[in-house]
Amino acid sequence: MTTLSAANNDKNEAGEEDPYIWLEDVESDESMEFAKRNNEACLNALGNPETTTTGTYQRILNVLESTDRIPYVSLFGHTDDGQGILFNFWKDADNPKGLWRQTTMESYKTAEPTWHTVLNVDELAQKDGIGWVWKESTPLPRARDEVGTGKRVERALLKLSRGGSDAVHVKEFDLVQGDFVAESDQPFYLPEAKSRVSYKSRNVLLVGTDMGPDSLTDSGYPRTVREWVRGTKLEDAPVIFEGEKGDISVSCYISDERTWGGGIYEFRVRSITFYTSKYWMRPIQPEHCLAPNDPARVNTAEPQEFVELDIQEDASVSLLGNLMFFSLRSDWEPVARGKTYPKGSLIYTTTQDFIDKGAAGCVYDVLFEPTERTAYEYYTATKNYLILATMENVKSKLEFYKIGDNGTTLTLLKSASSVAQIRDCNASPIDSYSGSDEFWFTTSSFLLPSSLFLADASKMELGDQQQESQDSAVGLGDPFIVEKLKQLPPKFDASGLTVEQRTATSADGTEIPYFIVMNEDTALNGKNPTLLYGYGGFEVSLGPNYIATTGLAWLERGGVFVEANIRGGGEFGPSWHQAAVKKLKQKSYQDFIAVAEHLIASKICQPKTLAIRGGSNGGLLMGNMYTMRPDLFGAIHSAVPLFDMKRYHLLLAGASWMAEYGNPDTDDWEDFLKDISPYHNIKADVEYPPLLVTTSTRDDRVHPAHARKLVKKLQDINPKSPVYYYENIEGGHGGAADAKQSAFMTALAHDFLFATLTKNAESL
């Protein structure tokens, strides 16, 4: 039962009780009856994807369960003979819940690697009688395993959820024995909660979890952190750090920079809002990671006190070697009357100088400074090189820097700069700890399937580099490539398709880029079934990547696919995001409308042949398109959406999003939130386009009541408007717990949208 805590927030805008508030009780008999009744009605009206003649479900399922997908891996150390140990989590038709498995680097490089199953989640689920969904593993760092050999990862914390929810069970796994840590070895275990947990050393955890009253923030995340020593009770573990009830969460972690010539640092962080934090840190010795009563620590002097970092709250902090980096969300003048570094910049200084002297006493260097159309994405590091990933007009670019002078300097390699390309790419170091400069390089684009390469940053220093070629879109022209390891085969027929980047002009004159994927001989007659996708929130960037399901379910049918890079996202850095938050959120919606109108003006489609789709914050976008411009669209799919902006902050993790949307308990409601609350803006006398709303009972991030309440209200006050509702009983915020559920939900949405537009086109 969801706890209701704010006075008067269970009232509607007229001061009356919200008649649909009962749908906030997630698993009540009434709520589940509503879900099941509407699920049945939805499938009766639209058809069951598993049995319809479109074949979309089976084709998508075949892709999701295909054995020729790329098995992405992480290195967990080396065998005694020096072979890299690679771990992968894999799902297929025979193992829908998945296998955690391992192989060697030598075997992985072959076409058919030999895999050894470490954990079968299907068997575990059957044994435990729980529908486990794998979330992730957190390995014990080799550098801080005082018992192990240092060659390989020997322990890991596994996170498993019931039905796909964000809340997880944490269980400790012994990678040497190939089983969960035996009870005789006093394993770490945490029951279901939205826990934050990491190893400080083999026998010490830093734990934030649900410990009862006052241990969680209003957003439902940990408010306290404990240092838990193996063999003791969690409730007896001392609280070493705590935040405030109104914070989003708190966390503690270790930043071990010895690989790059730096030290070990202990961090404590209060996440005050989604975009602001306070940091404390101190240098520590390896012995300080051990249990207080460990003989190796007993005679070690205590570390210095924590120092609060003298930075603005919307900056984020990271370390590399002896350098401290600041990613800026607002302009910063660290030295009075000195240089002002613009928002979106990535700057750095010496770590110990910043600890000792504060912001004003340091000299700063700029690693990245944005322009109007460029943005910082991330950096990562091999043993000797920093790799900087940026975007230029929503196109990917990598630059390489040599790490020098014991981790205190960075030097740009002149040969490293590459032309920004319409592709999605990612660089991930393989084993910096062991001194390697190799990294995994993955790349894809709208029409080119994913490729995985073995790459080496040191190749950027080998003199004249090969010219980038048209093959760069799949990595072949990149000078750091060693060899192609894996290639996803094409999953849909892309022959004749083309990708273009176009621009629409929003209501305030801002240029909004979008990508359009269509057949090169598409007729400009307004009859093309067109699917427009958007998100526009939380500084999340959309970009070109291979989406096989969209190719199968839409492009192969002759449809046009469009992805809009609207404000609120991160495509052009913090400024692009901040242009559409709180009272400016309407800018996201104006941008999306501008793209839709540009498609229509270009004769790609007409309103009746234009469908839109989005999820989560994108689901809120869909809801507002539904209420603001019902005349502009032929069909809408809103997945796991926010709809009730009056009560969103009281439901599950909603309080953590007030920095994005505003606080409905203040004047924000009357000033702007009520205008973007679809639940409050649906009308009885408006003709709306067909709407499909999907959600999950097990979504413990965005409450399913958002979807339930709008649908029920719409059914009651405007029964002539076609609305379809499907609630997956499992799935979490992703909407599906396994491949079959994912294929079902994806096929349901695409078949609904395509069939609706096709029928509409016949009448034009």
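The structure this text deals with has already been given above.
Residues numbered from 1 in each chain as written. Predicted model: local features only at pLDDT ≥ 70, side-chain atom pairs only at ≥ 80, totals over all residues. Heavy atoms only, no water.

With that settled, the discussion passes to the overall build of the protein chain. Regarding its fold elements, the protein chain presents 15 helices and 37 strands. Over its C-alpha trace the protein chain gives a radius of gyration of 26 Å, about what one expects of a compact globule, namely 27 Å for 764 residues. Projected onto the principal axes, the alpha-carbon positions of the protein chain cover approximately 80 × 65 × 60 Å. Going through the 764 residues of the protein chain one by one, you find that 59% of them count as buried. When the accessible surface of the protein chain is summed, it comes to about 30,200 Å², and 47% of that surface belongs to carbon and sulfur atoms. Between the mean site of the 75 positive side-chain charges and the mean site of the 108 negative ones, the protein chain shows a separation of 1 Å. (Helix = DSSP H or I, 4+ residues; strand = E, 2+ residues; numbered from the N terminus. Rg over C-alpha atoms; globule rule 2.2 N^0.38 Å. Buried < 20%, exposed > 50% of the residue type's maximum accessible area, 1.4 Å probe, protein only. Areas by Shrake-Rupley, 256 points an atom, 1.4 Å probe, with all protein chains shown as cover. Lys, Arg positive; Asp, Glu negative; His and termini not counted. Charge placed at Lys NZ, Arg CZ, Asp CG, Glu CD.)

A word on the packing of helix α1 (residues 29–46) against helix α14 (residues 705–717). Where α1 meets α14, the axes come as close as 12 Å, and the angle between the chain directions of the two elements is 65°. Compared by their axis directions, α1 and α14 come out roughly perpendicular. In this structure, α1 crosses over α14, and the sense of that crossing is left-handed. Contacts between α1 and α14 pair Ser 31, Met 32, Phe 34 and Asn 38 from the former with Arg 708, Val 711, Lys 712 and Gln 715 from the latter. Class assignment for the residues of the contact of α1 with α14 results in three nonpolar, three polar and two charged. (Axes fitted to C-alpha atoms, helices over the stretch in contact; angles between N-to-C directions. Parallel < 35°, antiparallel > 145°, perpendicular 65-115°, else oblique. Left-handed = near helix turned anticlockwise from the far one by under 90°. Contact = heavy atoms within 4.5 Å. Nonpolar A, V, L, I, M, F, W, Y, C, P; charged D, E, K, R; others polar.)

Read from one edge of the open sheet, four strands run β10-β11-β12-β13, paired in antiparallel fashion. The sheet is open, and its two edges are formed by β10 (196–201) and β13 (239–242), each paired on a single side. When the angles between neighbouring strand axes are averaged without regard to direction, this sheet yields 20°. With four bridges joining them, strand β11 (residues 204–208) and strand β12 (residues 224–229) adopt antiparallel strand pairing. Bridged to Val 204 within β12 is Val 229. (Pairing = 2+ DSSP bridges.)

Before going further, it helps to examine the packing of aromatic side chains. This structure, assessed with the given rule, holds 36 aromatic pairs. Note on Phe 87 and Trp 100: the rings are 4.9 Å apart at their centroids and 50° apart in plane angle, and the pair reads as tilted. Of the two residues, Phe 87 sits in strand β2 (residues 84–90) while Trp 100 sits in strand β3 (residues 99–104), which places them 13 residues apart along the sequence. Trp 100 matches Phe 87 in its accessibility class, with the two residues each being buried. (Phe/Tyr/Trp six-rings, centres within 6.5 Å; stacked < 30°, edge-to-face > 60°.)

Here the focus is helix α2 (residues 56–64). Turning to α2, its buried residues number three or more, namely Thr 56, Tyr 57, Ile 60, Leu 61 and Val 63. In a view along the axis of α2, the buried residues occupy a sector of 160°, so they form one face of it. Its buried side turned inward, α2 meets α7 (548–553) and α15 (739–762). (Arc of directions from axis to C-beta.)

In spatial order, the strands read β22-β23-β24-β25; together these four strands make up an open sheet with antiparallel pairing. Two strands bound the open sheet, and with one partner strand each, they are β22 (374–381) and β25 (409–412). When strand polarity is set aside, the average angle formed by the axes of neighbouring strands in this sheet is 30°. Examined bridge by bridge, β22 and strand β23 (residues 385–392) share seven bridges and lie antiparallel to one another. Each bridged residue has a counterpart across the sheet, and for Tyr 376 the counterpart in β23 is Thr 390.

For Asn 406, which is not a glycine, the phi torsion comes out positive at approximately 60°. Within the secondary structure, Asn 406 sits in the loop between β24 (396–404) and β25. Residue classification places Asn 406 among the exposed positions, given a relative accessible area of 56%. The backbone of Leu 652 shows a phi angle near 55°, a positive value even though the residue is not glycine. Locating Leu 652 in the fold gives a position in the loop between β35 (635–639) and α11 (658–661).

Let us now look at helix α9 (residues 586–601). Between its terminal C-alpha atoms α9 stretches 22 Å, which fits the 22 Å expected from 16 residues at 1.5 Å a residue. All buried positions along α9 are accounted for by Ser 588, Tyr 589, Asp 591, Phe 592, Ile 593, Ala 594, Val 595, Ala 596 and Leu 599. Buried residues along α9 sit in contact with β30 (497–505), β31 (511–519), β32 (530–533), β33 (560–564), β34 (610–615) and α10 (617–628). Count one or two residues on from α9 and you reach Lys 603, which has phi positive near 65°. (Expected span 1.5 Å × (residues − 1).)

This paragraph deals with the nonpolar core. Formed by 112 residues in total, the largest nonpolar core has its most connected members in Trp 440, Leu 532, Phe 592, Val 595, Leu 599, Phe 633 and Tyr 661. Apart from the residues within four sequence positions on either side, Leu 532 is in contact with Val 562, Ala 564, Phe 592, Val 595, Ala 596, Leu 599, Leu 610, Ala 611, Ile 612 and Arg 613. Ranked by size, the runner-up nonpolar core spans 21 residues in total, among them Val 269, Ala 315, Leu 319 and Ile 355. (Core = buried A, V, L, I, M, F, W, Y, C linked by side-chain atoms within 4.5 Å.)

It is worth spelling out the pattern of salt bridges at this point. Throughout the structure, instances matching the rule amount to 49 salt bridges. For Glu 266, the salt bridge identified is with Lys 200, shortest N-O distance 3.4 Å. With Glu 266 in strand β15 (residues 264–271) and Lys 200 in strand β10, the pair connects residues that are 66 residues apart, well separated along the chain. Of the two residues, Glu 266 and Lys 200, both sit in the buried class. Asp 256 serves as the salt-bridge partner of Arg 258, at 2.7 Å between the closest nitrogen and oxygen. For Asp 256, a relative accessible area of 16% gives the class buried. (Salt bridge = Lys/Arg side-chain N within 4 Å of Asp/Glu carboxyl O.)

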